[in-house]
Amino acid sequence: MQRNEAADSVKRDPRQVLVDRLDAIVTDECFALLREVSLIPPVEPPSDWLTEDPAAAIFALGREGADAYLGIPLWTVPLLLSRLTATFHATRQRPLTTPADLADAWRVTRLLLLVCPEYPMALNLRKRLLSITRPAIDAELAASRVFLSRQPGSSVQWHHRLWLVEREVELGHVDGSAVLEREHAVIAAMAARKPRNYYAWTFRANLRCLLRPADAQAWDARDRELVTAFLADGHGADRTAQHYLRICE
């Protein structure tokens, strides 16, 4: 049976084979547990990857406690992008009126953004889906953190995250202090992965304008405390964080 499946895979578009394998790994349950996504070696594909056992691992999925970590081999990226972008453009042309179409659009954009976080049209489609299906903003914020882990300095990802927080504010059920704590955790994690992360700290400055209350003494003190702790935790040379701290003074 496995030999037949391997033979069938040779006849199929190799790009679709990779998409199917990634899709089989990144289920809804797995995506909810993802903490980081990274590109990993090798750069060149194994010579027998299409003919080997279809169950053999191409993508690296690790677990640490309740968290999952995904590694995408560098050699797969051009093939995945070629197929996923074509699928995405076909998907966005649909009316997206049936539950199956909506679920497929969420799935395709998720896979595409895992491979290429800087794909604004995919994020725009997710905004459209949010307006149609109205799931919890929390779920999309969690997805945003995963995509940012793949490319922490992505301007379009930080812009998308700011849009999500703005939607939270519009709903009127936002505790500015709680949002500050939540977003600081994301900013600190991404600034640690990419030092001098201009877009992360610009996002932080925009949050300050969006969330800072009129009576801001306690809020400002906590903001400075969080950033000072980040700098003291091995990131003292991060001049972008230092510049943000000066803004707070």
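Relevant structure appears above.
What you are looking at is a predicted structure, and each value in this text was computed from that prediction instead of being measured. (Residues numbered from 1 in each chain as written. Predicted model: local features only at pLDDT ≥ 70, side-chain atom pairs only at ≥ 80, totals over all residues. Heavy atoms only, no water.)

So, the sheet that holds strand E2 (residues 60–64)
Phase 1: One open sheet holds the three strands; their spatial order is E1-E3-E2, and the pairing between them is mixed. Both outer strands of the open sheet, strand E1 (34–40) and E2, are each paired with one neighbouring strand and no more. Mean inter-strand twist for the sheet, computed between neighbouring axes without regard to direction, equals 20°.
Phase 2: Summarising the sheet, E1 and strand E3 (residues 67–73) pair through six bridges and their orientation is parallel. Bridge assignment links Leu 39 to a residue of E3, and that residue is Ile 72.
Phase 3: Along the sheet, helix H4 (residues 76–92) makes contact with E1 and E3, crossing E3 at roughly 95°. (Pairing = 2+ DSSP bridges. Helix = DSSP H or I, 4+ residues; strand = E, 2+ residues; numbered from the N terminus. Axes fitted to C-alpha atoms, helices over the stretch in contact; angles between N-to-C directions. Contact = heavy atoms within 4.5 Å.)

Structural notes on unusual backbone geometry
Phase 1: Cis geometry is found at the peptide bond from Pro 41 to Pro 42, where omega equals 5°.
Phase 2: The backbone of Leu 96 sits at a positive phi, close to 55°, despite the residue not being glycine.
Phase 3: Relative to the elements of secondary structure, Leu 96 occurs in the loop between H4 and helix H5 (99–115).
Phase 4: When its relative accessible area of 3% is taken as the criterion, Leu 96 is described as buried. (Buried < 20%, exposed > 50% of the residue type's maximum accessible area, 1.4 Å probe, protein only.)

Examining the packing of helix H11 (residues 217–232) against helix H12 (residues 239–248)
When two helices pack together, their arrangement is given by the angle between the helix axes and the distance between those axes.
Phase 1: At a minimum axis distance of 10 Å, the contact between H11 and H12 shows a crossing angle of 155°. Classified by the interaxial angle, the pair formed by H11 and H12 is roughly antiparallel. Crossing of H11 against H12: the hand is left-handed. Two secondary-structure elements touch here, H11 through Asp 223, Arg 224, Val 227, Thr 228, Phe 230 and Leu 231 and H12 through Ala 241, Gln 242, Tyr 244, Leu 245 and Cys 248.
Phase 2: In terms of residue class, the contact of H11 with H12 is built from seven nonpolar, two polar and two charged. (Parallel < 35°, antiparallel > 145°, perpendicular 65-115°, else oblique. Left-handed = near helix turned anticlockwise from the far one by under 90°. Nonpolar A, V, L, I, M, F, W, Y, C, P; charged D, E, K, R; others polar.)

Some words on the packing of aromatic side chains
Phase 1: Tallying each qualifying case throughout the model produces seven aromatic pairs.
Phase 2: Relative to Trp 75, the ring of Trp 49 lies with its centre 5.1 Å away and its plane at 55°, an arrangement referred to as tilted. Of this pair, Trp 49 sits in the loop between E1 and E2 while Trp 75 is found in the loop between E3 and H4, placing the two residues 26 residues apart along the sequence. Each member of the pair Trp 49 and Trp 75 is classed as buried.
Phase 3: Arranged with centres 5.7 Å apart and planes meeting at 35°, the rings of Trp 201 and Tyr 244 form a pair that is tilted. Here Trp 201 is found in helix H10 (residues 198–211), whereas its partner Tyr 244 is found in helix H12, with 43 residues between them in sequence. (Phe/Tyr/Trp six-rings, centres within 6.5 Å; stacked < 30°, edge-to-face > 60°.)

Considerations on the packing of helix H6 (residues 120–133) against helix H8 (residues 155–171)
Phase 1: H8 packs onto H6 with a crossing angle of 15° between their chain directions and a minimal axis gap of 10 Å. Between H6 and H8, the angle is such that the two are roughly parallel. Crossing angle aside, the handedness with which H6 passes H8 is right-handed. Between H6, through Pro 120, Leu 123, Lys 127 and Leu 130, and H8, the contact on the second element is made entirely by Val 156, Gln 157, His 160, Trp 163 and Leu 164.
Phase 2: Class assignment of the residues belonging to the contact of H6 with H8 gives a composition of six nonpolar, two polar and one charged.

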